[in-house]
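# Commentary on secondary and tertiary structure
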Amino acid sequence: MSLPISAGDARALRLMAFDVDGVMTDGRLYFGPEGETLKVFNTLDGHGLKKLAATGVTLAIITGRDTPMVARRARDLGIEHVIQGREDKADALADLAATLGFTARETGYAGDDEPDVGALQWAQIAFAPANAHACARDAADHVTAARGGEGAVREICDALIALREAR
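These remarks concern the structure in this document.

Each value, and the rule that gives it
Residue numbers run consecutively from 1 along every chain, following the written order of its sequence. Given that this is a predicted model, residues contribute local features only at a pLDDT of at least 70 and side-chain atom pairs are listed and counted only at 80 or more, while totals for whole chains, interfaces and linings are drawn from all residues. Side-chain calculation: all heavy atoms of the structure are included, whereas hydrogens and water are not. Helix and strand definitions follow DSSP, with helices as H or I runs of at least four residues and strands as E runs of at least two, each counted in order from the N terminus. The criterion used for residue contact is that any of the two residues' heavy atoms lie within 4.5 Å. In this description, a nonpolar core means a group of buried Ala, Val, Leu, Ile, Met, Phe, Trp, Tyr and Cys residues linked to one another through side-chain atoms lying within 4.5 Å. Summary of the burial criterion: residues with accessible area below 20% of their type's maximum are buried, those above 50% are exposed, and those between are partly exposed, where the area comes from a 1.4 Å probe applied to protein chains only.

## A short note on the environment of Leu38
As for its placement among the helices and strands, Leu38 is situated in strand E3 (residues 37-38). For the pair formed by Leu38 and Thr67, sequence separation is 29 residues and the distance between their alpha carbons is 8.9 Å. Ignoring any residue separated from it by four or fewer positions in sequence, one finds Leu38 in contact with Arg28, Leu29, Tyr30 and Met69.

## Here's the deal with the nonpolar core
Met16, Phe18, Met24, Leu49 and Leu160 are the most contacted members of the largest nonpolar core, which totals 29 residues. Contributions of two or more residues to this core are made by strand E1 (15-18), helix H2 (43-54), strand E4 (58-63), helix H3 (68-77), strand E7 (125-128) and helix H7 (152-165). Broken down by element, the residue count for this core peaks at seven residues, all from H7. Excluding residues that lie within four positions of it along the chain, Leu160 makes contacts with Ala10, Leu13, Met16, Leu52, Ile125 and Phe127. Ala60, Ile83, Ala92 and Tyr109 belong to the second-largest nonpolar core, a separate cluster that totals 21 residues.

## Topic: the environment of Thr67
With respect to the helices and strands, the residue Thr67 is situated in the loop between E4 and H3. The buried category is assigned to Thr67, whose relative accessible area is 7%. For the pair Thr67 and Gln84, spaced 17 residues apart in the sequence, the C-alpha separation amounts to 7.7 Å. Residues in contact with Thr67, not counting those within four places in the same chain, are Lys39 and Gln84.

Printed below as a string of structure tokens:
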């Protein structure tokens, strides 16, 4: 896969943050009989996240919704940095990067809709899944072939790993 992202930018990456709904999931929300919200995560994406973390990239989740299953998924994947209930994702990403001692040049973000545009523009490397809203696709450096929740995160992780290993 040829990306408009340089191997140097991928190797400089120290923080990669992901939106949840529409990126790590297909964006649909399921409501149970007791009013609980359910989300479906892709195991291929989870393995990709673990592989990317193993290269030394710090992973984070930034999402506008606040649900226990996101915290659970992050815990299962070993993702320590989880910011929920934040619509100002650019500020959340910039604050997290600063707290960790990273710059925008060392940061990547994947998002799919209008609340993600600022974070996509702030980060050095920006991804949107194939089914993202046009505003997110326009703000991204690369749009995946896969849809959110259907392998987009794995595609991002595999591409970054390949670029980081390229010589």
